[in-house]
Amino acid sequence: MELDVLTAISPIDGRYRNKTEKLAEYFSEYALIRYRVRVEIEYFITLCELPLPQLENFDHSLFEPLRAIYRNFTEKDAARVKEIEQTTNHDVKAVEYFIKEKIDALDGFPVQAKEFIHFGLTSQDINNTSVPLSIKEALEEVYCPMVEELIEQLNDYAEQWKQVPMLAKTHGQPASPTRLGKEVMVFVYRLEEQLRALKDTPITAKFGGATGNYNAHHVAYPQYDWREFGNSFVSEKLGLEREQWTTQISNYDWLGAIFDAMRRINTIIIDLDRDFWMYISMEYFKQKIKAGEVGSSAMPHKVNPIDFENSEGNMGMANAVLGFLAQKLPVSRLQRDLTDSTVLRNVGVPMGHALIAIQSTLKGLRKLILNEEKLQDDLNNTWAVVAEAIQTILRREAYPHPYEALKALTRTNQKMTEETIHEFIQGLDVSDAIKEELMAITPSNYTGV
């Protein structure tokens, strides 16, 4: 194991680094700098395409060499930005100076055009586009595909187990039987619905100058519609939606909605983890055993549902941070304070914990071995659950006080067996055809649709 993994403070970058390393491309310091460089360069290119009078003759063949600066961005480049930052003590200004250094090496780049890098912008125009862009791409390329993989696995199980009858438990007590596949399908449905809601939530950006009014842009070039320019730039070049009325910083309202949508998905997965943990404890599932693994340091027989427990714990961490982000970010003093700056650097933390969790849930699900014999035993030992079916048919037939009759039979400490139920049916004052209908009901076939 590499030393930096062993000495990492956060388990995201330490113990679980192999599960979260994909996110480094979106949320590391290197990634943030690369996104900032990307926004600055695309903004400059858009000014050339407008074009501003001073950029009217800019050679458009230089656009691709300019884009190569962020497309080929390396850790060495990021280190150079950090080196410049030691002098500027300002991370975004360091990015501007870095780009100007790179431009000096481009043949044919007019010197006078350099000052249109970061023209009229404040640092939050870069940060409040870079961070949402990183979140957008991490969701599209990592988080959502991982949730979709979980949904696919659950869908497979729902189909595989759709005919497996199972005793339901409401309030922890035996209830009307269900089917195992249907109960899994509940989670498929919930996850699909909330994933759709997440994907439908707009990811917005602030882009409007020092206090959101395009002051600098307007004073230099009052003839342009800078709001429309910003709308086009943010949507066409970055794939985000521009917030129309802001202070110096993003309103963060829609970003809060993104975090809340993620939290709902994560909460469903916690619910799933706990249910499968319970099913394992009820022996409805056994778990595949891997040679060499230890379940307990003291009890050799133990095969613990650790994957579901790991997932639940990590989802709890993820949701705690997501909840804080959603509540804190939309609150800022007057036209801005700096609290959002340090908080924004943590947006990858909950996604890291969620990624660890989903992988653990998938690992747990893929270790399951269905124990149909135990499911059937529980059904056979709980004949009281057919009472609902019997009293419902008796209601249909206008039998007097059917609910009360079944309540008197079943709500005792006497164990309900097949014989007990059938003896009760034979004593009913109904036709033989109705008795035959009632006698055909069993805990295994009373599973609805």
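Above this text is the structure in question.
The following refers to the structure shown.

Rules used throughout
Residues numbered from 1 in each chain as written. Predicted model: local features only at pLDDT ≥ 70, side-chain atom pairs only at ≥ 80, totals over all residues. Heavy atoms only, no water. Salt bridge = Lys/Arg side-chain N within 4 Å of Asp/Glu carboxyl O. Axes fitted to C-alpha atoms, helices over the stretch in contact; angles between N-to-C directions. Helix = DSSP H or I, 4+ residues; strand = E, 2+ residues; numbered from the N terminus. Parallel < 35°, antiparallel > 145°, perpendicular 65-115°, else oblique. Left-handed = near helix turned anticlockwise from the far one by under 90°. Contact = heavy atoms within 4.5 Å. Nonpolar A, V, L, I, M, F, W, Y, C, P; charged D, E, K, R; others polar. Buried < 20%, exposed > 50% of the residue type's maximum accessible area, 1.4 Å probe, protein only. Arc of directions from axis to C-beta. Polar contact = N/O pair within 3.5 Å; in protein donor to acceptor, adjacent residues only side chain to side chain. Core = buried A, V, L, I, M, F, W, Y, C linked by side-chain atoms within 4.5 Å. Pairing = 2+ DSSP bridges. Phe/Tyr/Trp six-rings, centres within 6.5 Å; stacked < 30°, edge-to-face > 60°. Lys NZ or Arg CZ within 6 Å of the ring centre and 35° of its normal.

Brief notes about the pattern of salt bridges
Within the structure shown, the criterion is met by 35 salt bridges. The partner of Asp340 in a salt bridge is Arg336, and the shortest N-O contact between them spans 2.7 Å. If you follow the salt bridges from partner to partner, you end up with Glu29, Arg36, Lys82, Glu85, Asp91 and Arg345 in one network.

Brief notes about the packing of helix H17 (residues 387-396) against helix H20 (residues 432-439)
Orientation of H17 relative to H20, taken along the N-to-C sense of each, is 155 degrees, at an axis distance of 10 Å. Between H17 and H20, the crossing angle belongs to the class labelled roughly antiparallel. Classified by chirality, the crossing of H20 by H17 is right-handed. Across the interface between the two elements, Ile390, Ile393, Leu394 and Arg396 of H17 pack against Ile434, Glu437 and Leu438 of H20. Of the residues assigned to the contact of H17 with H20, the class counts are 5 nonpolar, no polar and 2 charged.

Remarks on H20
Along an α-helix, residues three or four apart share an orientation, since each turn contains 3.6 residues. Along H20, the residues classified as buried are Ile434, Lys435 and Leu438. Down the axis of H20, the buried side of the element spans an arc of 100 degrees, and every buried residue falls inside it. In H20, the exposed positions angled more than 90 degrees off the buried face are occupied by Asp432, Ala433 and Glu436. On the buried face of H20, the contacting elements are H17 and helix H19 (418-426).

Observations regarding the side chain of Glu137
Structurally, Glu137 can be placed in helix H8 (residues 123-160). With relative accessibility at 13%, the residue Glu137 sits in the buried group. Residues within four places of Glu137 in sequence aside, it is in contact with Tyr26, Tyr35, Arg38 and Val142.

Considerations on the packing of helix H4 (residues 29-49) against helix H6 (residues 75-88)
Where H4 meets H6, the axes come as close as 10 Å, and the angle between the chain directions of the two elements is 85 degrees. On the basis of the axis angle, H4 is roughly perpendicular to H6. Within the contact between the two elements, H4 uses Glu29, Tyr30 and Ile33 and H6 uses Glu75, Ala78, Val81 and Lys82. Considered class by class, the residues forming the contact of H4 with H6 number 4 nonpolar, no polar and 3 charged.

Notes on the side chain of Gln391
As for its placement among the helices and strands, Gln391 is situated in helix H17. With relative accessibility at 11%, the residue Gln391 sits in the buried group. A polar side-chain atom of Gln391 sits 2.7 Å from a polar atom in the side chain of Arg395. Not counting residues up to four positions away in its chain, the partners in contact with Gln391 are Pro402, Tyr403 and Leu406.

A closer look at unusual backbone geometry
Of note, the amide linkage connecting Leu50 to Pro51 takes the cis form, showing an omega dihedral of -15 degrees. Considering the arrangement of structural elements, one finds Pro51 in the loop between H4 and helix H5 (63-71). One non-glycine residue, His118, adopts positive backbone phi at about 65 degrees. Considering the arrangement of structural elements, one finds His118 in the loop between helix H7 (91-104) and H8. With a phi angle near 60 degrees, His171 is a residue other than glycine that sits in the positive phi range. Inspection of the secondary structure puts His171 in the loop between strand S1 (165-170) and strand S2 (173-179).

Quick word on the nonpolar core
The biggest cluster of nonpolar side chains holds 117 residues, and the ones touching the most others in it are Tyr143 and Phe259. Counting residues per element, this core draws most heavily on H8, at 16 residues. With sequence-adjacent residues up to four places away left out, Tyr143 is seen in contact with Ala138, Leu198, Met262, Ile265, Asn266, Met351, Ala354 and Ile358. Judged by nonpolar contacts, the second largest core, of 19 residues, contains Tyr399, Met416, Ile425 and Leu428.

Brief notes about H5
Turning to H5, its buried residues are Phe63, Leu66, Arg67, Ile69 and Tyr70. The buried residues of H5 occupy one face: seen down the axis, they fall within an arc of 135 degrees. Contacts from the buried residues of H5 go to H4, H7 and helix H11 (226-237).

With respect to the pairing of S1
As paired elements, S1 and S2 share 5 bridges and run antiparallel to each other. Bridged to Met166 within S2 is Thr178.

Regarding the packing of aromatic side chains
Counted under the stated rule, the structure contains 24 aromatic pairs. Seen in terms of ring centroids, Tyr43 and Phe233 are 5.9 Å apart; in terms of plane orientation they differ by 70 degrees. Their pairing is edge-to-face. In this pair, Tyr43 is assigned in helix H4 and Phe233 in helix H11, connecting sequence segments 190 residues apart. Of the two residues examined, Tyr43 and Phe233, each falls in the buried class. Consider the rings of Tyr221 and Tyr224, whose centres lie 6.0 Å apart with planes at 70 degrees: the pair is edge-to-face. On the accessibility criterion, Tyr224 (21% relative accessible area) is partly exposed. Each residue in the set Tyr43, Phe116, Phe119, Phe207, Tyr221, Tyr224, Trp226, Phe229 and Phe233 is aromatic and connected to the rest through ring pairs, giving one cluster. One Lys or Arg, Arg34, reaches over the ring of Tyr35 and ends 5.2 Å from the middle of that ring.

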